[in-house]
Amino acid sequence: MSKVINEVKTLKNYVGGEWIEPKSDQTQEVYNPATGEVIAHVPISSQEDVDHAVTVAQEAFQEWKEVAVPKRARILFKYQQLLVDHWDELAELITIENGKNLKEAKGEVQRGIENVEFACGAPTLMMGDQLPSIATGLESSVQRYPIGVIGGITPFNFPMMVPCWMYPMAIATGNTFVMKPSERTPLLANRLAELLEEAGLPKGVFNIVHGAHDVVNGLLDHEKVAAISFVGSQPVAEYVYKRGTENLKRVQALAGAKNHSIVLKDANLDNATTQILNAAFGSAGERCMAASVVAIEESAADEFITQLKEKADAVKMGNGLDDEVFLGPVIREQHKERTLNYIGTGEEEGAKLVRDGRNDQTDSEGYFVGPTIFDNVTTEMKIWQDEIFAPVLSIVRVSNLTEAINVTNESPFANGACIFTRDGGSVRQFRETIDAGMLGVNIGVPAPMAFFPFSGWKNSFYGDLHANGKDGVEFYTRKKVMTTRWV
Ligand code: NAD
C-alpha cells in the first residue's frame, strides 16, 4: 500500500488522551483519490460521542487554563520540532488522502508548521495593556484569558494547514479543543494528535471526534462549547454561523470562493500565465484561493490564452506521489461527475471551450479531470457564478481595469483577487476598489499566512474575527479590564 499506511484500519476517536471507539457503529470509506483504493474507514460518530469529548475537554480546561503561558508554548515548541522531523511523512499522508502532489503537500505542511511557530509566541501575543493614569490616581489595565472549549470543523482540501489555523493558537492561549476533521481526509488529523501527545500535551486538551453532520450539530448545540472555528463550503459556513450564534457561541466561519485574477495588457504575460496555471489547476483547483476566473483586457486576451493553453498542455496529470506529476485527482468520483457536468453546462451556456480536460488521460485509476479553460464567459453563466472547486478556469474579456473590477465585484464571493500589471496606478485603483480580503499583485495565490488574518469578505466569510494573525488571538481569548486606585 504505502510506507505511511500499511493496513486498512477503522480509525478511532481521540478523547482524553485515549484512542476510543465511538458509540455509533456507523463508518464511511476513505479513498485514495488517485487510485480509488479504500485506505481506511472513518467512524461517523454520534452526538453522544460529541458530548463525551466536550465533557472531557471542559474538565481538562480547568487545569490547562492555569498552566503558565510560557509552559504551554514550550509544548508547542517541541511539537514544532516533531512536525519538522515528520515533514515528509505528513506530506505523503496528505498526498495519499487528498490527492495533491507531494510538492504541494510539503508546502502545506510548511504552512501548518508556521502556524505552530506563530502560536509559540503566545506569551507575547497574550499580553494585556495598561494605562497608569486614566484619572488622577486611577489606573486601568486589560488582561487576556482563554474562553473554554473550542469546536473545530475542517474541510478536505487542506487536512494539515486548516486545522493548524485553529488548534495551535486555541491551545496556546489556554483553551481546550475538540476537532471534527473532514470525513474525506481524516487520517492526518490522527497523526497530528499522536505528535501532540509525544510533545507532552496533557490529556484532554486536544480531542478528535470523527464524523459528519451529527458531530457538527453536536458541537454547535453543546452548551459547554464556547466557540466554533469552521472552514468549508459557503452553504455549510452560513448554516454553522447561524446555528452557532443562535446558540450564543462565538463563531468564525470561513467559506467558499470564486477568485478573480485581473490581467491588464501591460502585464508580463509569461509570469501571468505561469502563475495563473498554478493558481487555477494546482491542487486540482481545490483551493479556496484558487483562480477560477480571469478578467483580461481584450487586446491581450488571445496571446494570454495561447500561452496558458500551451502551458496547460504540458501539465502532467497522475498520482501526486510521482515527482513529475503536477495535477492530481479531484477528491471523489461524485466530485468528478459534478465537474464534468459543469463543463457540459459551460458549453450549453455558450462559453468557448478552449481546452477540454475531459479528454486528458492518465495511467492512474482515480478521479481525474485535466486542465479546462473556457473563453468568452459572462457573468450570467453558472460557470462564472458557482464555485466549481476543480481545474476549470473561466476567462472573461473586458475593455479596461474598471470593467474588470466591476465584474469581479459582482460575485457574491470575495475571498481573494489578484492583478497582473506593471502599472502602480492600476494597482492602487485595484486595491482601493476591489471587494475582496486577500489581494495579490503579479502572483496567482495570495496565500494565507500564519502571521496575518485570512481576510475573506462577503459570502466567503461569516463572523467578525478571521483566522490567523492577531485576529486569531482575539478570537480565542476574552478580556478583563480592571480599574484600580492604589490607596
Ligand atoms: P464542506 O462544507 O462540504 O465540509 C466542511 C466540513 O463541514 C466538513 O467537516 C463536513 O463534514 C462538514 N459538513 C458538510 N456538510 C455539512 C452539513 N450539511 N451540516 C453540517 N456539517 C457539514 O467543505 P469541503 O468540501 O470539505 O471543503 C471545500 C470547501 O471549503 C470549498 O468550498 C472551499 O472554498 C472551502 N474552503 C474555504 C477556505 C477558506 O479559508 N475560506 C479554506 C479551505 C476550504
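Residues numbered from 1 in each chain as written. Predicted model: local features only at pLDDT ≥ 70, side-chain atom pairs only at ≥ 80, totals over all residues.

As named in an unreviewed UniProt entry, the chain is Malonate-semialdehyde dehydrogenase, taken from Halobacillus salinarum. For the chain, the Subunit (unreviewed entry) comment in UniProt is given as "Homotetramer." Database annotation for the chain, UniProt heading Sequence similarities (unreviewed entry): "Belongs to the aldehyde dehydrogenase family. IolA subfamily." (UniProt positions renumbered as here; feature names shortened; annotations may be inferred.)

A. Structural context of helix α8 (residues 213-221). Where α8 is concerned, the buried positions are Val215, Val216, Gly218, Leu219 and Leu220. Contacts made by the buried residues of α8 are with α1 (47-64), β8 (149-153), β9 (176-180), β11 (225-231) and α9 (234-246). (Buried ≥ 20, exposed ≤ 12 C-beta atoms within 10 Å, placed from the backbone. Helix = DSSP H or I, 4+ residues; strand = E, 2+ residues; numbered from the N terminus. Contact = placed C-beta atoms within 7 Å.)

B. Structural detail: the sheet that holds strand β1 (residues 9-10). Here 3 strands make up an open sheet; going across it, the order is β1-β5-β4 and the pairing mixed. Strands with a single pairing partner mark the edges of an open sheet, and in this sheet they are β1 and β4 (27-31). Relative to strand β5 (residues 38-43), β4 runs antiparallel, the two being bridged by 5 bridges. Counted as the bridge partner of Glu29 is His41 from β5. (Pairing = 2+ DSSP bridges.)

C. Geometry of the UniProt feature "binding site: NAD(+)" (unreviewed entry) in the chain. When the UniProt feature table is mapped to this numbering, "binding site: NAD(+)" (unreviewed entry) covers Phe156, Lys180, Glu183, Arg184 and Glu387. A maximum C-alpha distance of 23.5 Å is found for the annotated residues, which run over 232 residues; spatially they are spread out rather than grouped. As for its position among the elements, Lys180 is in strand β9. If sequence neighbours within four positions are ignored, Lys180 has contacts with Ile153, Val209, Gly211, Val215, Val216 and Leu219. Along the chain, Arg184 turns up in the loop between β9 and α7 (187-198).

D. View of the packing of helix α2 (residues 69-85) against α7. One can describe the packing of α2 onto α7 by two numbers: an axis separation of 9 Å at closest approach and a directional angle of 130 degrees. As judged from the angle between their axes, α2 and α7 are oblique. Relative to α7, the crossing made by α2 is right-handed. Judged by residue contacts, Tyr79, Leu82 and Leu83 of α2 engage Leu195, Leu196 and Glu198 from α7. Residue classes in the contact of α2 with α7 are distributed as 5 nonpolar, no polar and 1 charged. (Axes fitted to C-alpha atoms, helices over the stretch in contact; angles between N-to-C directions. Parallel < 35°, antiparallel > 145°, perpendicular 65-115°, else oblique. Left-handed = near helix turned anticlockwise from the far one by under 90°. Nonpolar A, V, L, I, M, F, W, Y, C, P; charged D, E, K, R; others polar.)

E. How the structure looks around the nonpolar core. Among the nonpolar cores identified, the biggest contains 155 residues, and Phe177, Val240 and Ile262 are the most heavily contacted of them. Looking at this core element by element, the count peaks at 10 residues for helix α6 (residues 161-172). Not counting chain neighbours up to four residues away, the residues in contact with Val240 comprise Ile153, Val216, Leu220, Ile228, Phe230, Val251 and Ala253. (Core = buried A, V, L, I, M, F, W, Y, C linked by C-beta atoms within 7 Å.)

F. Quick peek at the site of the ligand. Inspection of the region around the ligand gives 28 residues, with Pro155, Gly232, Ser233, Gly256 and Cys288 positioned closest. Of the residues assigned to the shell around the ligand, the class counts are 15 nonpolar, 10 polar and 3 charged. (Near = placed C-beta within 6 Å.)

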